[in-house]
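Fold and geometry: a report
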Amino acid sequence: MAPTVTSSRAASLDETRSMMHERLKGVVPEIEIEAKVELAHAINVRKRKMNAVILGHNYMEPALYHSVPDYVGDSLQLASIAAETDADVIVFCGVWFMGETAKVLNPSKTVLVPSDKAGCSLAEGITAEDIKRLKERFPGAVVVTYVNTYASAKAESDYCCTSGNADKVIGKLLEQGHTRILFLPDAYLAANTAAQMGVPYLDSESDAAAFDAVAPDQPLVIGWRAKCEVHELFTPEDVDNIRRQYPDAVILAHPECSPEVIAKVDVSGSTKAMVDYVRDVDAPCYALFTECAMGDNLAAEFPHRNMIRACTLRCKHMNFITLEDTLAGLEKLQYKVALAPDLIERARLPIERMIAIR
Ligand code: SF4
C-alpha cells in the first residue's frame, strides 16, 4: 500500500500549508497551493470529526492527491482498504464505480463520492442485460469483469479483476481448466491480457467461423466492445513522437491502451505498476501513457525522477472530483452510494475473489 500520512499529520492550517508546499513544490504553482490550503485544512478537520477516511485514486489532481487522502492507490489497493476500514464514512475520491465497490465490500459504512457526475466510459459500456445475453450465447463460459463496471454488471460475473491482477485472474481460470473466458467490458485490456497469457482473443461479435476455428478444448478469451475514452486516444505515432524527442525515455502505458500502442512501449502496467516502476527503476526519464495527473503526482512524490509531463489527455470523470466537492460532500453527506442488499450480496463474491488474487 502507499498510504499518505500527510493529512493526518497536518493538524493546523499552518501545518497543512507547510505540508502542501513541501509536497507540491516545483509541480503546482504556489498561488494554486495557497488557493487550496484552507480547503484542504477544512476537509481534514471535518474528516477527523466525522471519523471519515478519504481514499484517493492515482488520477486525482495533485493538490487533492497530496493533501487530503489517508490512502492513495489504484482500484485494487483502495478496494482492499475500503473492505477493512473501521471508519464510519468512506469518501472515495475517484469515480462512481469505485464508490460502489467500497459499498459492496463494507455495506454498513456510509460511502460518499464527491461528484455524482464521475462516471466512466467502461462502466457505462456494458449492462447486466448485456452480460446475461452473452452468458446465453456462450453457455459454460466463465465471466470476468473488469473492476471498472457498475455493481449490477459485477453481480452477473464470476470474477472481477483490475488491470493490476488481470493476468493472475486469467491464469487461475486457465489452471482450473476453463476454456471459454468472457473478459468484459474493455476490449483492449482483454486483448492485451490474452496476448500476455498467450491465449487467442476474439471479439464477441466475431463471425461464427472464427469461433469454430478454435477447438473447444483450446482456451479462448472473448471480449466486448467498450473502451476507456482516455486511453483509447493514445496512438503508436504518439510513442514514436516521444521516442524522437526523448530517446532515453522509458515509456510506460496502461493496458487500457490499444494493443498497437502496447506493442511499442517499454512497460505495460497498471497505475500501481507505474508507481512501483518509477520508484524502483532508474531511468533518465519516464513518459506515462495514462491520465496525465499521474505524471504530476509522481513528479511530486519522486522529485529526483525526471517525469515527462506532457498533459495531453485528461479523464473528465476523474476531474469532476475536486477539493471543493470533497468538502461539500462531507458537509452535506453527499453523494451517498446506495445499493440494494440483494445486489450487494450478488456482487460481493466476484469482488472478493478479485481482492484475494494478487
Ligand atoms: S480514465 Fe478511462 S477507465 Fe479511468 S475513469 Fe476515466 S474513462 Fe474510466
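Residues numbered from 1 in each chain as written. Predicted model: local features only at pLDDT ≥ 70, side-chain atom pairs only at ≥ 80, totals over all residues.

The next thing to look at is the overall build of the chain. Per the secondary structure count, the chain includes 17 helices and 14 strands. A globule of 358 residues ought to have a C-alpha radius of gyration of about 21 Å, and the chain, at 21 Å, matches this closely. For the chain, the share of sequence-separated contacts (at least 6 apart) that also reach a separation of at least 24 residues comes to 68%. (Helix = DSSP H or I, 4+ residues; strand = E, 2+ residues; numbered from the N terminus. Rg over C-alpha atoms; globule rule 2.2 N^0.38 Å. Contact = placed C-beta atoms within 7 Å.)

Before going further, it helps to examine the domain arrangement of the chain. Segmenting the chain into domains produces domain 1 (2-119 + 318-332), domain 2 (123-227) and domain 3 (231-308). Taking only C-alpha atoms into account, the centre of domain 2 sits 27 Å from that of domain 3. On the side of domain 3, twelve residues touch domain 2, which itself brings eleven residues to the contact. (Domains from an automatic or database assignment.)

As a further point, take the pairing of strand β10 (residues 220-223). Of the two faces of β10, the one holding Leu-220 and Ile-222 and the one holding Val-221 and Gly-223 are both buried throughout. In terms of strand pairing, strand β8 (residues 180-184) meets β10 through four bridges, oriented parallel. Its bridge partner lying in β10, Leu-182 is registered against Ile-222. Where strand β9 (residues 201-203) and β10 come together, three bridges link them in parallel fashion. Looking at β10, one finds that Tyr-201 is bridged to Val-221. (Buried ≥ 20, exposed ≤ 12 C-beta atoms within 10 Å, placed from the backbone. Pairing = 2+ DSSP bridges.)

Moving on, we come to the pairing of strand β4 (residues 89-93). Judged by how many residues are buried, β4 sits mostly within the fold: four of five residues are covered. Note: β4 against strand β5 (residues 110-112), three bridges, orientation parallel. Bridge pairing in β5 places Ile-90 opposite Val-111. Each parallel crossover has a hand, and the one from β4 via helix α6 (residues 96-105) to β5 is right-handed. (Right-handed = clockwise from strand over helix to strand, strands pointing away.)

This brings us to the packing of helix α9 (residues 166-175) against helix α10 (residues 187-197). One can describe the packing of α9 onto α10 by two numbers: an axis separation of 10 Å at closest approach and a directional angle of 60 degrees. When the axes of α9 and α10 are compared, the pair comes out oblique. In this structure, α9 crosses over α10, and the sense of that crossing is right-handed. Every residue of α10 that contacts α9 at Ala-166, Asp-167, Ile-170 and Gly-171 is listed here: Leu-189, Thr-193, Gln-196 and Met-197. For the contact of α9 with α10, the class distribution of residues is four nonpolar, three polar and one charged. (Axes fitted to C-alpha atoms, helices over the stretch in contact; angles between N-to-C directions. Parallel < 35°, antiparallel > 145°, perpendicular 65-115°, else oblique. Left-handed = near helix turned anticlockwise from the far one by under 90°. Nonpolar A, V, L, I, M, F, W, Y, C, P; charged D, E, K, R; others polar.)

Attention shifts here to the environment of Asp-240. Relative to the assigned elements, Asp-240 resides in helix α12 (residues 236-245). Residues Asp-240 and Asp-203 lie 37 residues apart in sequence; the distance between their C-alpha atoms is 28 Å.

Further remarks concern unusual backbone geometry. With an omega of -10 degrees, the peptide bond between Leu-184 and Pro-185 qualifies as cis. In this structure, Tyr-335 follows Gln-334 across a cis peptide bond, with omega equal to -10 degrees. Note on placement: Tyr-335 falls in the loop between α16 (323-332) and α17 (341-356). Backbone geometry at Asn-51 places phi at a positive 50 degrees, although glycine is not the residue there. Structurally, the position occupied by Asn-51 is in the loop between α3 (30-49) and β2 (52-57). Judged by the 11 C-beta atoms lying within 10 Å of it, Asn-51 is exposed. If you check the backbone angles, Leu-333 has positive phi at about 50 degrees while not being a glycine.

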